[in-house]
Amino acid sequence: MKDTIKYFDKLTFALLLTLALAGILLVYSAGHSSGETHYLKQVAWLGVSLLAFVAVFSLKTEFIFRKAFIVYLVLLAVLALQITVGGTVARTRSWFRLWGIGFQFSEFVKVPLAVYLAKLLAQIDEVDGRAYLKMIMVISVPVALIVLQPDMGISFILCGFIPLVMLLKKVRPALVLITVLLAAAAGGIGWHSVLKPYQKERIVSFMDPAQYKDSTGYHIIQSRIAIGSGGLAGKGYLKGSQSRYQFLPARHTDFIVSVIGEEFGFLGVSMLFFAFFLVFYRQLRFKHQSDEEFYFVYLFNGLVLFQFLINVSMAIGLFPVLGISLPFVSYGGSSLLSLFIGEAVIFRIKINTYLT
Amino acid sequence: MYLSKRRLTPGFIKRAALLSTVLLVVLFTSLFVVFWSIQVVQNAKYQRLAMRNITRKVDLPAPRGLIVDRSGRVMAENRINFTLYLVRENVEDLEKTIRRASFFSGKSVAAIRQVIAKYRKYAMFYRIPVRSNLPQGTVVFIQSRQEEFPEFEIGIEPNRTFPLAERAAHVLGHMSEVSEAELAGLDPGAYGPSDRIGRSGIEKQYERFLKGSKGEQTVIKNSVEKVQQVSAETKPVIGATVVLTLDLDLQRAVEDLLGEESGVVGVMDLASGGILALVSKPAFDPEIFSREMAGAEWQAIRDDPRNPLQDKFLQGAYSPGSVFKIVMALAGLQEKLITPAHAQYCSGSQVFYGRTFHCWKPGGHGTVDLFTALQDSCNIYFYNLGQRMDIDTIARYARMLGLGEASGIDLPNERPGLVPDSAWKLEAFRQRWFPGETISVSIGHGQLNVTPAQLLKLIATVALRGRMPTPHLLQRIERQGKVVREFSPEFKRVDIAAEHFEKVVEGLFRVVNQEGTGRAARIPGLDVCGKTGTSQIITKENPQYKRLTKEKRFMPHSWFVSFAPRQNPRLAMVVLVENGGDAGAIAAPLAGQVYRKYFADERHH
């Protein structure tokens with residue numbers, strides 16, 4: 001116990017906690033003008049996440065990797081069940097209610113998928129045809145189920161595992177080419193048969209926001225105005241006119257960066273980015289005991305970084321609006337919980353060396 | 001216990017750590033650069049855009065110009081109107097707000113919901129007008145407790161008001177809200193939703209002068225203290241004052257004389273063609289259109305069989321009856337078909353084209369000349385004249401004297417009436433004109449129909465012996481004390497010799513002054529000249545005629561057109577009493593009283 005406290009990466013944990021607390025303050029600011037109380041729920045979710053963190057942190061890493069396949073199967077079963085009987089919240093079936101609490105179940109796919117992929121990577125020398133096929137299947141089955149819900153944001157983020165796998169393992173060049181072709185094909189099919197008109201419009205409007213300034217392009221323009229008008233030091237907490245007068249859409253989720261940008265300016269944004277940088281940097285500094293651990297840390301950090309980059313790009317109009325939240329900061333209990341579970345595994349891996 | 005063996009080489013691990021660090025540094029550095037560019041370098045641009053988002057322009061409505069009578073007495077002005085606005089942005093509890101709005105406005109909760117739904121697409125800070133003409137008590141109540149009701153704002157705006165209520169209602173006209181469809185065709189700088197526009201009368205005719213120009217305020221909302229701060233303002237400019245030729249004293253007297261009767265009185269100043277009094281009854285209070293009228297109230301006015309909304313002076317279509325004999329006499333003289341001495345025997349009836357036509361006097365008038373024919377309004381005389389003149393000639397003279405076309409008065413929505421002729425019959429019925437129809441037309445019946453405005457113009461032309469005035473209501477328009485438009489009288493010479501007018505005037509003089517049909521208009525010392533007319537609602541051939549005409553609504557309309565004095569005439573007048581019965585008994589004495597009032601007042605001044 002003493003060792004655990006001694007070797008526990010307290011700085012990184014403090015950074016994560018700071019991000020989450022800052023998130024609550026920002027969610028409060030974002031909802032305050034319209035009288036929304038999302039922040040209260042977020043406080044409760046943070047509590048739950050910390051409990052989960054402790055629980056997962058106390059698990060042995062071997063145990064986690066041993067159960068990887070079973071957990072993965074259970075996940076697929078729940079996703080499939082959701083599509084067939086799930087309720088409908090805001091045009092999607094990605095939510096389900098349990099004891100009166102709304103869960104966005106697709107968020108919980110991230111960690112188990114990373115664990116299972118890490119295990120698979122550890123078992124092979126290089127990605128040959130068979131391994132390739134297997135891994136593509138492992139990733140694309142849950143992605144397909146989530147697309148059907150439909151939750152485009154999370155499906156897109158999960159696809160980030162594919163390039164990550166290929167960066168972490170030697171891959172035959174032909175397979176890289178095949179992946180690129182597959183991605184193009186998936187994009188084409190998705191465009192024609194999966195995406196709803198409103199989703200397509202979001203993507204099209206990203207390319208020419210001025211033309212769509214009354215509908216979806218509006219979001220991009222208003223977000224940029226919010227960030228740009230924040231200046232060096234920002235307008236002050238709760239004083240952002242873009243946020244207050246509700247020019248900003250999805251202020252508490254997709255566009256939370258715009259709220260920071262407007263109210264805390266470039267300095268606020270820089271602090272946020274620096275905190276993220278430190279988290280990523282420190283979480284990639286570790287001594288592992290098995291290959292699974294190594295792969296998991298890279299896969300999970302890689303995925304969070306991917307999500308972070310997409311969200312920030314969205315806010316400044318460098319990426320289409322897909323409904324992707326800022327890790328740790330945006331409103332969303334399931335996302336927070338899932339991220340803290342993943343981080344708990346990393347913290348555990350990092351401390352293993354010192355405890356044995 | 002791990003399932004896999006360790007295959008990762010220290011070199012690979014080192015490379016991964018190095019590459020990931022490089023990648024992180026590169027990525028985050030780019031992010032800092034991009035955000036620096038947006039937030040610091042381009043800050044001014046985005047601040048301007050954000051400011052544009054929160055500043056809003058508020059229209060300041062301009063008061064409408066006044067409408068005054070010839071001596072400057074106010075007939076239409078503006079009153080301060082309080083409007084209750086709801087600002088959704090400041091709503092805390094929508095249900096509570098809706099209940100409050102319903103309480104303050106006296107409207108139902110459902111109606112409030114509808115209003116809010118209508119403005120759903122507008123920005124949250126848009127001021128939704130909930131109710132205009134808010135009672136003073138409510139205004140004080142809300143303003144004294146503004147902190148409790150942050151979602152409500154009271155707007156102070158000028159609103160049209162008509163202090164004389166129903167008086168001269170048809171002349172002044174009414175106003176109502178512009179529709180969304182109309183807005184597309186109007187200057188967006190001048191008209192916006194919920195603005196009002198003149199719909200009839202002077203309000204419509206001189207809309208572009210009466211309408212002032214809106215002011216504008218740029219308001220900045222300070223997001224902390226919620227204080228509104230005015231950054232720029234252009235003041236609204238009141239519309240121009242329209243001075244009418246009306247004499248409010250005479251107008252009042254005439255309206256009171258007409259009393260509860262339906263009908264029209266128009267009095268013209270012969271020196272200019274200016275209208276001194278113009279009454280159409282029953283009337284309405286133009287202000288009901290400024291209020292938010294209840295459906296039932298509106299329906300009652302619209303469906304009233306006596307048609308209070310119609311300006312009968314311009315829009316009523318009536319047979320001129322015997323008044324048309326003036327046209328016949330002038331045409332006969334000018335066409336040299338008769339001389340004043342030309343005599344005709346009247347036995348009370350005469351057969352034309354196989355059909356018996358009656359004089360109004362069953363026993364007949366005996367031998368009549370032009371003067372006595374006019375004096376006693378003998379039908380037989382004019383039947384015979386009509387028979388000798390074809391319909392197209394009659395129509396030509398009728399048009400020459402202003403019938404069958406708008407009088408040209410400066411009021412909107414005037415009707416032309418109808419002067420029938422053979423070409424019209426062929427067009428309308430694909431039939432030739434039958435000579436028998438000419439007989440009816442020659443005493444002002446048949447298809448012929450006219451408006452009181454046209455008959456006023458006709459009698460004015462007779463009074464002026466062939467100089468035809470254009471009737472008008474506008475004296476001048478003043479903007480900030482400066483006259484921007486002044487009416488100059490217009491007269492047109494009619495192509496009939498002045499001596500013929502003199503003869504007809506003699507006949508009209510006798511109508512009033514020698515025991516003629518208009519003797520009730522006689523005023524000693526003032527040579528009133530006039531002509532009665534009766535316009536049948538049901539034909540005399542109707543077997544029920546006697547019984548039905550005992551009921552007011554089947555009684556004939558009564559005309560009396562007149563002018564005075566005979567030499568150097570000053571006033572011309574048309575009187576129409578709907579269902580008045582005998583014109584000599586109702587229309588003529590009314591005209592007499594108007595002259596008496598006008599000339600008596602003049603003596604006093």
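Structure: see above.
Since the model is a prediction, treat every value here as computed from it, not as a measurement.

(A) Broad picture of the nonpolar core. Residues and elements named next belong to chain B. In this structure, Val242, Val267 and Ile459 are the most contacted members of the largest nonpolar core, which totals 123 residues. Each of domain 1 (56-244) and domain 2 (248-283 + 312-604) accounts for three or more of the residues forming this core. With residues near it in sequence (within four places) discarded, Ile459 still touches Val561, Ser562, Phe563, Ala572 and Val574.

(B) Region of the structure containing the packing of helix α6 (residues 110-122) of chain A against helix α16 (residues 333-355) of chain A. Residues and elements named next belong to chain A. Across the interface, α6 lies against α16 with an axial gap of 8 Å and an inter-helix angle of 35°. Along its contact with α6, which presents Lys110, Val111 and Ala114, the element α16 presents Ser338, Ile341, Gly342 and Val345. Among the residues making up the contact of α6 with α16, the classes are represented as four nonpolar, two polar and one charged.

(C) Focus on unusual backbone geometry. Residues and elements named next belong to chain B. The step from Lys281 to Pro282 runs through a cis peptide bond, and the omega angle for that step is -5°. A positive phi angle, close to 50°, is found at Tyr353, a residue other than glycine. Within the secondary structure, Tyr353 is located in the loop between β14 (349-352) and β15 (355-358). On the basis of neighbour count, Tyr353 is assigned to the exposed category, with 12 C-beta atoms found within 10 Å.

(D) Region of interest: the pairing of β14(B). All names here are of chain B. Note: β14 against β15, four bridges, orientation antiparallel. Bridge pairing in β15 links Gln350 to Phe357. Count of turn residues in the β14/β15 antiparallel hairpin: two residues, of which Tyr353 carries a positive phi of about 50°.

(E) Main features of the sheet that holds strand β23 (residues 571-577) of chain B. Residues and elements named next belong to chain B. Pairing in this open sheet of five strands is antiparallel, and the strands run β12-β11-β23-β22-β21 from one edge to the other. Edge strands, defined here as strands with exactly one partner in the open sheet, are β12 (274-281) and β21 (529-535). Going across the sheet, the axis of each strand differs from the next one's by a mean of 5°, ignoring polarity. Examined bridge by bridge, strand β11 (residues 263-269) and β12 share seven bridges and lie antiparallel to one another. Note on β12: the bridge partner recorded for Val265 is Val279. On the sheet, helix α19 (residues 452-463) packs against β11, β22 (557-564) and β23 and is oriented at approximately 145° with respect to β23.

(F) Layout of the interface of chain A and chain B. Each partner contributes residues to the interface: chain A has 38 residues there, and chain B has 35 residues. Counting only elements with at least two residues in the side of chain A that touches chain B, the list comes to α12 (216-230), α13 (241-244), α14 (256-283) and α15 (291-315) of chain A. Per-element tally for the side of chain A that touches chain B: the top contributor is α14(A), with nine residues.

The rules behind the values
Residues numbered from 1 in each chain as written. Chains lettered and ligands numbered in written order. Predicted model: local features only at pLDDT ≥ 70, side-chain atom pairs only at ≥ 80, totals over all residues. Core = buried A, V, L, I, M, F, W, Y, C linked by C-beta atoms within 7 Å. Buried ≥ 20, exposed ≤ 12 C-beta atoms within 10 Å, placed from the backbone. Domains from an automatic or database assignment. Contact = placed C-beta atoms within 7 Å. Axes fitted to C-alpha atoms, helices over the stretch in contact; angles between N-to-C directions. Helix = DSSP H or I, 4+ residues; strand = E, 2+ residues; numbered from the N terminus. Nonpolar A, V, L, I, M, F, W, Y, C, P; charged D, E, K, R; others polar. Pairing = 2+ DSSP bridges.

None of the figures reported here should be taken as evidence of function without further support.
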